[in-house]
Amino acid sequence: MAAPSQAGLMDAAELADLVARIGVDRDREAFRRLFDHFAPRVRGFLVRRGLPSAQADDLAQDTMLAIWRRAESYDVAKSAVSTWVYTIARNLHIDQYRKLARADRVDLTDPSLRPGEIPAADELYARGQDASAVSEALLTLPDDQRRVLELAFMEGLSHSDIAVRLVLPLGTVKSRIRLAMDKLKLSLGDLQ
């Protein structure tokens, strides 16, 4: 391994060797050395790009984490390690900028962002009564029919998923749901 040149600076071959050791062996010592070399430089680069200090610290950390995760993808034939590292930092900065720009463009008049109307007290009471009636009607169902309804409507499972979970043929699941729904319609007829 090449000795570091001038006061802690490393040459291109040494940097490439560190990245290779991280990519192949997940060498923590190699990462520590690469981190010590690049983290302050990346932070300075991001500050010069106009980021506040705390944000630059966060993005420098994200950059170094990305280097740890992607070290095996580094190709010495395509670029120098420094180019690769600063490209990662620049791309993370651009991604962060785009996210923030999208967040600033939220349309506050979008109906999906408005809370729904609060129902009147009598409507809430009626809903509660309906829910009680449905709960009582569910209790009158045979266990096998009640179970498939619970899985379908309370857990949101598809008929196929219910069949897998209960180890039943798909046709049996569909039949039980249909029978249960028919019984509920009879007992809850006045709620419709």
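As the structure is a prediction and not an experimental result, all values here were calculated from the model. (Residues numbered from 1 in each chain as written. Predicted model: local features only at pLDDT ≥ 70, side-chain atom pairs only at ≥ 80, totals over all residues. Heavy atoms only, no water.)

(A) Examining the packing of aromatic side chains more closely. One pass over the structure, following the stated rule, counts five aromatic pairs. Aromatic pair F45 and Y86: ring centres 5.2 Å apart, planes at 65°, arrangement edge-to-face. Residue F45 is located in helix α2 (residues 28-48), and its partner Y86 is located in helix α4 (residues 81-104); the two are separated by 41 residues in the primary sequence. Judged by its relative accessible area of 23%, Y86 is partly exposed. Members of the aromatic cluster, each reached through a chain of ring pairs, are F31, F35 and W68. Of note, R26 hangs over the ring of W68, and the distance from its end group to the ring centre comes to 5.0 Å. (Phe/Tyr/Trp six-rings, centres within 6.5 Å; stacked < 30°, edge-to-face > 60°. Helix = DSSP H or I, 4+ residues; strand = E, 2+ residues; numbered from the N terminus. Buried < 20%, exposed > 50% of the residue type's maximum accessible area, 1.4 Å probe, protein only. Lys NZ or Arg CZ within 6 Å of the ring centre and 35° of its normal.)

(B) Representation of the nonpolar core. Judged by nonpolar contacts, the single largest core of 29 residues is most densely connected at L34, F38 and V81. Elements with a contribution of two residues or more to this core: α1 (12-25), α2, α3 (53-70) and α4. No other element matches the eight residues that α2 contributes to this core. In terms of nonpolar packing, the next biggest core, distinct from the first, is built from 15 residues, A137, L151, A163 and A180 among them. (Core = buried A, V, L, I, M, F, W, Y, C linked by side-chain atoms within 4.5 Å.)

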